[in-house]
Amino acid sequence: MENPSPKPRRRKGKPYTNWPLRYKKDGYDDLRRSFLSNLEYNLSKDEFTYTLHDQFLSLAYTLRERLIEEWILTQQHYHRQNVKRVNYLSMEFLPGRLLHDTINNLNVGKPCTSLLRDLGLSFDDIIDQESDAGLGNGGLGRLAACFLDSLATLEYPAIGYGIRYEFGIFRQTIRNFCQQELPEEWLQNVNPWEIKRPEYRVRVQFFGKVNRTGSGLRQPSQWIDTDDVFAVPFDTPVPGYRNNTVNTLRLWSAHASTEFNLDYFNRGDYIGACHEKLVDENISKVLYPNDGTLAGKELRLKQEFFFSSASLQDIIRRFRADNGDWNAFPEKAAIHLNETHPAIAIPELMRLFIDIHHLDWDTAWSITARTFAYTNHTLMPEALEKWSVDLLRRLLPRHMEIIYEINRQFLDEVGSRFHEDDGMKSRMSIIEEGPEKYVRMAYLAVIGSYSVNGVAKLHSQLVKERLMPDFARYWPGKFNNKTNGITQRRWLNKANRPLSALISDSIGTEWIKNLEELRKLEPFAEDSEFQKKWTAVKLLNKRHCASFLLKTEGLTLDPDTIFDVQVKRIHEYKRQLLNILRCVSLYTDIRDGATDVEPLTVIFAGKAAPAYRAAKSIIELINRVAFTVNNDGRAGRLLKIHFIPNYRVSLAEYIIPASDISEQISTAGTEASGTGNMKFALNGAVTIGTMDGANIEIREEVGKENILIFGLTRKEVEEVKRRGYDPLKYYEKSTRLKNAVELIQSGFFCPEDPHRFDPIIQSLLYEGDTFMVCADFDSYCQCHRNLVSLYQDRNRWAGMSILNVARMGTFSSDRTIREYAEEIWKLKPVSIPA
């Protein structure tokens, strides 16, 4: 059939050549005028009624006004130039608080500080009024936020797409030593940064049936009798660092297509009158609903399709405004899948092309396969999404047809190329056969994308060797590595102002936009006077962190002790269990009279998935051990253990700059990359870790003498498992491990329920110790003893800390984004005229 091209939908009317009006200035007087005006006219407050939160809102609105000018100019310029954009689809974005970032990016720190001081207001108190955006859970969201910052700073046209979760993941509290989940009501107060765009709402369909208008799955079909939901966008400006670029983060909120059923209401069924609205709007209520039930699975798949479909419709709308040839679509829009969550976008784009815009199958597939790129972030089997065919067929019947046809076409190609390998087709099939059939979303993402990348050298290698060897054999040129990075503008310049000031005073400020400039710090590593300043900054940060935790959590931390920190999502492969067992072993040494112990404060933080019992048991064990140790006078100041609840970006900005030791101790071959390891090293913490993820590349950069590595390598792990791993063999040989485990088994830390932690011990000793805690325990303890000896030589330690910071240049997300832009997206920077 003919492939009609869309007619460009040009904007009508005479353009506003003088729009926007450049009336917002950045000087003291203009900022003061705007601040007071917003307080009075936007918030309707005066000097007798305004609150601290009102002060925050007024300052945020004042800065947003200035962002909006550049935002409009940026989008106008992109439109006039008809530029190619990257559309970054992610279930998570964790930007943290935006007020301080905005002040830095607009370069209005001095006038803002002066303004607030003259009005008798506290800058720090106002900053603390902002809630963390509840848009993610862990590294995936923090990475996505770093990428958006780098895209804008490097002047790449980009838009981030996600979901505007009303309650985020959850707010973690600790009750009776256990994790409790409460709603994270981050939107209970006004979010001053977002702008609702109801004019761009789109309709997203679910359920229904397929009415085929032609013969075969490749022909246009009608998806009818559907349950529809409106996706309403909320836009947040994403400014670059001190340039004129302001990109967009567009988050979709679910709104019912029928707000209110008057017939039900008039019959007295008041709940039924609102039922459809309540059900539909659940889609954007909570991040990652518990998928342990069929209803939870359905809701999670709904979320993934909801934002994928809405984003694609938005991308097509923008494309059609300026382009008349569908074949140009990949030249104007790169669509990046941040993990498999948005992989359903591949059959959805095919549906939109074929059923709505009437392209033929071959043309639609050619465009689709040149548009998508996919990043894999995990090697953990449970994190590789699979959806039941029955569920997908019921919820998205047309998409299941399209997936089957994509799979049939692909397997025919596989069979013709590798006809001698009978099993290859079944191994590579999108459909996993069995009593219940599943759709393997990672396979769909690989087949429908022109690029597949891992996020660290080892991880990318394992994706090809372990996770998808057949696909790597079939498409060797499709797979590549893009080692993760972090934005130094948030994780050093903003989060660690004392260290940032010391660095800038010593080597200038160019490092803020080019992290490789930190190499200029290397000559200072052996400068005793500089070492003293460096050590004084670390102590200042530790006091700042201790003061914050005393104020917010009632915890007392001694800044004169070593801060040994492991903060990340709680998961067995990240081995918080290994760390707390080491703490128990150290505690037994202290109880037995050891005095050659450097005073140590061990800090844990992180959330466990609500249904992840093993992880939640580890949290309870940490808290019970901490309670016992912290209340034992024999431990004194030699050992304190703290679990900080509700880990989030703003909490990380206190903890990471204060850390002396960074715990990156996952089993070799399990962590994809990690970005926490980079943040800690960039702030001068010395890493103790395994040869896993980006630890390997950090070691290459900072030097093996400035990082402490322990445990089995990935190849050694594989060899030990091949021979038959027996954790009891390691347990019987390790006096330290036996003493620690026996103390836990005795009920010492839980006298009211001595068998409380039997499942942990059972898993460790008798159920295979999946993540090889026993095998690495002695090596880990010895590495810690070596580390403490190094710390006692303060000059040596300061030199190691300085060199860690100086050699972190390659781990900027700016470097990562340049590689994505140049090697995957084929994207060019676009400077926005002042």
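Each chain carries its own residue numbering, running from 1 in the written order of its sequence. Selection of residues for local features in this predicted model requires a pLDDT of at least 70, selection of side-chain atom pairs for listing and counting requires 80 or more, and totals for whole chains, interfaces and linings are taken over all residues. Derived side-chain values reflect all non-hydrogen atoms in the structure, with water molecules and hydrogen atoms excluded from consideration.

**Considerations on the packing of aromatic side chains**
Working definition: rings of Phe, Tyr and Trp (its six-membered ring) pair if their centres are within 6.5 Å, and the pair is stacked with planes under 30 degrees apart, edge-to-face with planes over 60 apart, and tilted otherwise. Throughout the structure, instances matching the rule amount to 28 aromatic pairs. Centroid distance phenylalanine 524 to phenylalanine 530: 4.6 Å. Interplanar angle 40 degrees. Geometry classified as tilted. Ring centres 5.1 Å apart and planes at 20 degrees place the aromatic pair tyrosine 820 and tryptophan 825 in the stacked group. For the exposure calls, accessible area comes from a 1.4 Å probe over protein chains only, and a residue counts as buried if that area is under 20% of its type's maximum, exposed if over 50%, partly exposed in between. With a relative accessible area of 1%, tyrosine 820 lands in the buried category. Owing to a relative accessible area of 0%, tryptophan 825 belongs among the buried residues under this scheme. Clustering of aromatic rings is evident, with ring pairs tying together Phe410, Phe418, Tyr443, Phe471, Tyr474 and Trp475. Directly above the ring of tryptophan 71 sits arginine 197, whose terminal nitrogen or CZ lies 5.5 Å from the centroid. Of note, lysine 607 hangs over the ring of phenylalanine 170, and the distance from its end group to the ring centre comes to 5.1 Å. Any Lys NZ or Arg CZ that is within 6 Å of a ring centre and within 35 degrees of that ring's normal is treated as a charge sitting over the ring.

**Considering the packing of helix H2 (residues 52-81) against helix H3 (residues 99-106)**
Axes, fitted as lines to C-alpha atoms, cover a helix only where it is in contact. Angles between the N-to-C directions of the axes lie from 0 to 180 degrees. Numbered from the N terminus, helices here are DSSP runs of H or I no shorter than four residues, and strands are runs of E no shorter than two. The contact between H2 and H3 brings their axes to 10 Å, and the two run at 40 degrees. Taken together, H2 and H3 sit at an angle that is classed as oblique. Where H2 crosses over H3, the two elements pack in a sense that is left-handed. Contact residues: Phe56, Leu59, Ala60, Leu63, Arg66 and Leu67 in H2; Leu99, Thr102, Ile103 and Leu106 in H3. Under the grouping applied here, Gly and all other residues not named as nonpolar or charged are polar, the nonpolar ones being Ala, Val, Leu, Ile, Met, Phe, Trp, Tyr, Cys and Pro and the charged ones Asp, Glu, Lys and Arg. A per-class count over the contact of H2 with H3 returns 8 nonpolar, 1 polar and 1 charged. Note that the term roughly parallel is reserved for angles under 35 degrees, roughly antiparallel for angles over 145, roughly perpendicular for angles of 65 to 115, and oblique for everything else. Crossings are classed by handedness, with left-handed meaning an anticlockwise turn of the near helix from the far one by less than a right angle and right-handed meaning a clockwise turn. Here a residue-residue contact requires only that any non-hydrogen atoms of the pair lie within 4.5 Å.

**Examining the pattern of salt bridges**
By salt bridge we mean one thing: a side-chain nitrogen of Lys or Arg within 4 Å of a carboxyl oxygen of Asp or Glu. Counted by the stated rule, this structure contains 67 salt bridges. Note that aspartate 235 is salt-bridged to arginine 250, the shortest N-O span being 2.6 Å. With a gap of 15 residues between them, aspartate 235 in strand E9 (residues 227-239) and arginine 250 in strand E10 (residues 246-256) connect regions that are remote in the sequence. Taking relative accessible area as the criterion, arginine 250 reaches 4% and is therefore assigned buried. In this structure, glutamate 432 engages arginine 440 in a salt bridge whose closest nitrogen and oxygen atoms are separated by 3.8 Å. Looking at glutamate 432, the relative accessible area reads 21%, which means it is partly exposed. Overall, arginine 440 belongs to the buried group, its relative accessible area being 15%. Where salt bridges share partners, they join Arg197, Asp235, Arg250, Asp314, Arg317 and Arg318 into one cluster.

**Let's talk about the side chain of glutamate 130**
Within the secondary structure, glutamate 130 sits in the loop between helix H5 (123-127) and helix H6 (139-153). It turns out glutamate 130 is buried and unbridged, and the closest side chain with the opposite charge, arginine 97, is 5.8 Å from it. If we skip the residues at most four places from it in the chain, glutamate 130 touches Phe56, Arg97, Leu98, Leu99 and Trp193. We treat Lys and Arg as the positive residues and Asp and Glu as the negative residues; His and chain ends play no part in the count.

**A word on the nonpolar core**
Among the buried residues, those of types Ala, Val, Leu, Ile, Met, Phe, Trp, Tyr and Cys that are joined through side-chain atoms within 4.5 Å form a nonpolar core. Counting residues in each nonpolar core, the largest one holds 118 residues, and the members touching the most others are Phe206, Phe306, Phe329 and Trp825. No other element matches the 9 residues that helix H9 (residues 294-322) contributes to this core. Filtering out sequence-adjacent residues up to four positions away, phenylalanine 306 remains in contact with Val204, Phe206, Val229, Phe230, Ala231, Trp252, Ser253, Ala254 and Ile283.

**Overview of the state of the cysteines**
Sulfur atoms of two cysteines make up a disulfide when they are within 2.5 Å. According to the stated counting rule, one finds 0 disulfides in the structure shown. The closest cysteine sulfur to the non-disulfide-bonded cysteine 545 is located on cysteine 583, 17 Å from its own sulfur. Owing to a relative accessible area of 1%, cysteine 545 belongs among the buried residues under this scheme. Cysteine cysteine 750 is unpaired, with the sulfur of cysteine 178 as its nearest cysteine sulfur at 8.8 Å. According to the relative accessible area criterion, cysteine 750 is buried, its value standing at 2%.

**Some thoughts on the environment of isoleucine 590**
Tracing the backbone shows isoleucine 590 in helix H22 (residues 576-591). Remark: the alpha-carbon pair of isoleucine 590 and phenylalanine 627, spanning 37 residues in sequence, is separated by 16 Å. Among all residues touching isoleucine 590, those that are not within four sequence positions of it are Val597, Arg634, Ala635, Leu638 and Leu639.

**As for the sheet that holds strand E21 (residues 661-664)**
Taken in spatial order, the 6 strands make up an open sheet running E20-E19-E18-E21-E22-E23, and their pairing is parallel. Lying at the two open borders of the sheet, with one neighbouring strand each, are strand E20 (639-644) and strand E23 (708-709). Sheet topology places strand E19 (residues 600-605) next to E20; 6 bridges connect them, and they run parallel. Opposite alanine 605, over in E20, you have isoleucine 644 as the bridge partner. Contacting E19 and E20, helix H23 (residues 613-630) crosses the sheet at an angle of about 140 degrees to E20. The rule for pairing is simple: two strands pair if DSSP sees at least two bridges between them.

**Looking at the pairing of E21**
Here E21 shows no split at all, with Ile661 and Glu663 on one side and Ser662 and Gln664 on the other all buried. Relative to E21, strand E18 (residues 562-567) runs parallel, the two sharing 2 bridges. Its bridge partner lying in E21, aspartate 564 is registered against isoleucine 661. Relative to strand E22 (residues 686-689), E21 runs parallel, the two being bridged by 4 bridges.

**Comments concerning H6**
Counted at 1.5 Å a residue, the expected span for H6 with its 15 residues is 21 Å, and the 21 Å between its end C-alpha atoms agrees. Most of H6 is tucked away, with 14 of its 15 residues classed as buried. Positive backbone phi, at 65 degrees, marks glutamate 155, one or two positions downstream of H6. To estimate the expected span of a helix, subtract one from its residue number and multiply by 1.5 Å.

**Observations concerning the packing of H22 against helix H29 (residues 735-745)**
Where H22 meets H29, the closest approach of the two axes is 9 Å, and the angle between their N-to-C directions is 95 degrees. Looking at the two axes, H22 sits roughly perpendicular to H29. Taken together, the residues of H29 that come into contact with H22 (itself represented by Leu581, Val584, Ser585, Tyr587, Thr588, Asp589 and Arg591) are Arg736, Leu737, Ala740, Val741, Leu743 and Ile744. Across the contact of H22 with H29, the residue classes break down as 8 nonpolar, 2 polar and 3 charged.

**Side note on the side chain of aspartate 776**
In this fold, aspartate 776 is placed in helix H31 (residues 773-792). Dropping the residues within four chain positions of it, aspartate 776 is found in contact with Arg575, Phe710, Gly711 and Leu712.

**A look at the environment of arginine 634**
Considering the arrangement of structural elements, one finds arginine 634 in the loop between H23 and E20. The sequence separation of arginine 634 and aspartate 592 amounts to 42 residues, and the corresponding C-alpha distance is 9.4 Å. Filtering out sequence-adjacent residues up to four positions away, arginine 634 remains in contact with Tyr587, Ile590 and Arg591.

**Looking at the confidence of the model for the protein**
Averaged over the protein, the pLDDT score is 93; the fraction of residues at 70 or greater is 95%. Low pLDDT, under 50, characterises residues 1-17; the stretch is placed with 32 contacts to residues that sit more than four places away or in other chains. Confidence of the predictor at the level of single residues is given by pLDDT, which spans 0 to 100.

**Re helix H17 (residues 457-467)**
For H17, the full list of buried residues reads Leu458, His459, Ser460, Leu462, Val463 and Leu467. Looking at the buried positions of H17, the neighbouring elements they touch are helix H16 (441-447), strand E16 (449-454), helix H18 (469-474), strand E17 (479-481), helix H26 (695-702) and helix H27 (714-723).

**Observations concerning the sheet that holds strand E14 (residues 431-432)**
Hydrogen bonds along the backbone pair up the strands of a sheet, which may run parallel or antiparallel. Taking strand neighbours across the sheet as the criterion, the 3 strands line up as E13-E15-E14 in an open arrangement whose pairing is antiparallel. On the outer flanks of this sheet lie strand E13 (386-388) and E14, each paired with one strand and no other. As judged from the 2 bridges shared by E14 and strand E15 (residues 438-440), these two strands associate in the antiparallel manner. Bridge pairing in E15 links isoleucine 431 to valine 439.

**Observations regarding the pairing of strand E3 (residues 171-175)**
Where E3 meets strand E4 (residues 178-182), 5 bridges bridge the pair, whose relative direction is antiparallel. Looking across to E4, one finds that arginine 175 is bridged to cysteine 178. Linking two consecutive strands that pair antiparallel, namely E3 and E4, is a turn of 2 residues; a positive phi of about 50 degrees is found at asparagine 176 within it.

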